[in-house]
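So the chains spell out like this:
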Amino acid sequence: MTAGGHGEAAGCARRHSANRRLLAPFLDALREPGPDPAELLPIADRLFRNRARVYLAHPFETLDGAEELLGTAFAPLIRALPDLERRDTIVIEGADADGADWVGCCGYYTGVFQRPWLDIPPTGHQIAMRFHEFFRIEDGKVAEMQALWDIPEVMMQSGAWPLSPSLGREWQVPGPATQDGVMKPAAEESVPSRDADSSVKLVGDMLAHLGHFAKGGVAAMRLERFWHPHCSWYGPAGIGTCRGVAGFRNWHQIPFLNAMPDRVGSLGKGHLFGEGAYVGFTAWPGMRMSISGDGWLGIAPAGQRLTMRSLDFWRVQDGLIRENWVLVDLLHVYHQIGVDVLARMRELTRARRWASGGMEPGALLP
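Cut-off values and rules
- Residues numbered from 1 in each chain as written.
- Predicted model: local features only at pLDDT ≥ 70, side-chain atom pairs only at ≥ 80, totals over all residues.
- Heavy atoms only, no water.
- Helix = DSSP H or I, 4+ residues; strand = E, 2+ residues; numbered from the N terminus.
- Buried < 20%, exposed > 50% of the residue type's maximum accessible area, 1.4 Å probe, protein only.
- Contact = heavy atoms within 4.5 Å.
- Phe/Tyr/Trp six-rings, centres within 6.5 Å; stacked < 30°, edge-to-face > 60°.
- Pairing = 2+ DSSP bridges.
- Axes fitted to C-alpha atoms, helices over the stretch in contact; angles between N-to-C directions.
- Expected span 1.5 Å × (residues − 1).
- Bend = angle between axes of the 7 residues up to and from the residue.
- Core = buried A, V, L, I, M, F, W, Y, C linked by side-chain atoms within 4.5 Å.
- Arc of directions from axis to C-beta.
- Polar contact = N/O pair within 3.5 Å; in protein donor to acceptor, adjacent residues only side chain to side chain.
- Salt bridge = Lys/Arg side-chain N within 4 Å of Asp/Glu carboxyl O.

A. Representation of the overall build of the chain in the model. Secondary structure assignment for the chain yields eleven helices and 15 strands. Among the 366 residues that make up the chain, the fraction classed as buried is 53%. Taking as baseline every contact in the chain between residues at least 6 positions apart, the subset at least 24 positions apart corresponds to 65%.

B. Up close: the packing of aromatic side chains. One pass over the full model with this rule turns up 16 aromatic pairs. Geometrically, the ring pair formed by Y109 and F131 is tilted, given 4.7 Å between the ring centres and 40 degrees between the ring planes. Placement of Y109 in strand β4 (residues 101-112) and of F131 in strand β5 (residues 126-138) is noted, with a sequence separation of 22 residues between them. Accessibility classification places Y109 together with F131 in one group, the buried group. Each residue in the set F26, F48, F60, F74, Y109, W117, F131 and W149 is aromatic and connected to the rest through ring pairs, giving one cluster.

C. Representation of the sheet that holds strand β11 (residues 278-282). Spatial strand order, β8-β7-β15-β14-β11-β10: six strands in an open sheet with mixed pairing. Bordering the open sheet on either side are β8 (241-243) and β10 (271-275), each of which pairs with just one other strand. Each adjacent strand pair in this sheet contributes to an overall mean axis angle of 15 degrees, direction not counted.

D. Spatial organisation of the pairing of β11. With respect to burial, β11 is a largely interior element, five of its five residues being buried. Every second residue of β11 is oriented toward a common face, with Y278, G280 and T282 on one face and V279 and F281 on the other, all of them buried. Bridge count for β10 against β11 is five bridges, and the pairing is antiparallel. Within β11, the residue paired with H271 across the bridge is T282. In sequence, β10 turns back onto β11 through a hairpin of two residues, with G276 there showing a positive phi of about 60 degrees. Of the strand pairs in this sheet, β11 and strand β14 (residues 310-317) are connected by four bridges, and their pairing is antiparallel.

E. Looking closely at helix α3 (residues 65-80). Compared with an ideal rise of 1.5 Å per residue, which puts 16 residues at 22 Å, α3 spans 22 Å between its outermost C-alpha atoms and is within 8% of the ideal. F74 marks the point of greatest bend in α3, at about 40 degrees, and the proline P76 comes within the next four residues. Taken together, the buried positions of α3 are occupied by G65, A66, L69, L70, A73, F74, L77, I78 and A80.

F. Quick look at the nonpolar core. By size, the foremost hydrophobic cluster in this structure holds 88 residues, and its most contacted members are F48, W117, W149, W227 and W296. Top element by residues in this core is α3. It accounts for eight residues. Other than its neighbours up to four places away in sequence, W227 contacts M206, W233, V245, W314, L320, I321 and N324. In terms of nonpolar packing, the next biggest core, distinct from the first, is built from 16 residues, A57, I92, F134 and F313 among them.

G. Geometry of helix α10 (residues 341-348). Among the residues making up α10, those that are buried are V341, L342, M345 and R346. The arc enclosing the buried residues of α10, seen along the axis, measures out at 140 degrees, which places them on a common side. N-cap assignment for α10: the residue whose side-chain oxygen lies 3.2 Å from the backbone N of L342 is D340.

H. Just the sheet that holds β5, in detail. Spatial strand order, β2-β1-β6-β5-β4-β3: six strands in an open sheet with mixed pairing. Looking at the sheet topology across the chains shown, the edges are occupied by β2 (62-64) and β3 (85-95). Put simply, the sheet's adjacent strands are angled 20 degrees from each other on average, direction ignored. Pairing of strand β1 (residues 48-55) with β2 involves three bridges; the strand directions are antiparallel. From the neighbouring strand, R53 faces β2, where its bridge partner is D64. Against the sheet, helix α2 (residues 37-47) makes contact with β1 and β6 (141-149), and its axis sits at roughly 95 degrees relative to β1, the strand it touches most.

I. Region of the structure containing the environment of P25. Among the secondary structure elements, P25 is positioned in helix α1 (residues 3-31). Residues P25 and L40 lie 15 residues apart in sequence; the distance between their C-alpha atoms is 9.4 Å.

J. Expanded view of the pattern of salt bridges. Scanning the model with the defined rule gives 19 salt bridges in all. Residues R86 and E133 are paired through a salt bridge, measuring 2.8 Å at the closest nitrogen-oxygen approach. Placement of R86 in strand β3 and of E133 in strand β5 is noted, with a sequence separation of 47 residues between them. E133 shares its class with R86; the two are buried. The residue R305 makes a salt bridge to D262 at a minimum N-O spacing of 3.0 Å. Placement of R305 in strand β13 (residues 305-308) and of D262 in the loop between α8 (244-259) and β9 (264-265) is noted, with a sequence separation of 43 residues between them. Assessed through its relative accessible area of 30%, D262 is described here as partly exposed. Connected through shared salt-bridge partners, D28, R31, R86, D88 and E133 make up one network.

This is how it looks when you write it as structure tokens:
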């Protein structure tokens, strides 16, 4: 590497380390059990640009800045889980192909579910809800946040999932097998690892080959070239986890592509970045398709056009993808075809709410 190249790479490392440190006070405050939204607000105000765009899962949708993020999303969640705490299993940072700086976080929120949240009945027990959160940093501020919370996972833990069962395994998805997903801030004189470039290239090539399905079927995607034979694909609640290439094909990919063969990804318009063996990808939305064939997840194949929000993390090992964490905004998918999952859930749990004193006998649902 030339002296100039070393200096440029070192400057990139310093900028990325500063981005990670920038987020630390906000993330650390959420890691302490029972965060106070009033105390979080000044921390978030210093972090987020005024009226930064915040894109959240359905039903929250697009919010403006830190105050709406805390008031609309976090405050009700903390009220329902008063001892809420955040547990990160992956924290990575890097620049996308356009030079934009991103920090990506994967993990789960946990606590005792004491009060209803989004009308999901509380359990009185500890629950866990996965999150994928991506922050775009610009001039020392968060300019944009894209995040998915796995709300169906909470519904399932409450016994209140009103739609089709998962083909994959539902469980509390683990962090990386290597337990090294939370990257530490790099020393100022350090240089970004070349591993990140090879990891990003591998994932980018894999995503590009997925688009070959329409012309050449499953064989054209060449999955064995990219995926470890014992890979784990940790899908969202409602789809579940799949093990190995065969599991990935049988429990997710084949049903997905049979139902939506015209799927078009947004790789060119998304944001792919990596650090070491880890890669993150975000786009809003990430895919466009229509539902045909035999349908998908119990959705009738009526040719409905929809978009799909999917936020991903991958871990690369020995030149192959070993683990992939995937969240999809399934509530938004159903919303686009006119199915109100939360309304169905309220109908399913109406007797439970009446028995617990939450509504009068014979009362109509709101």
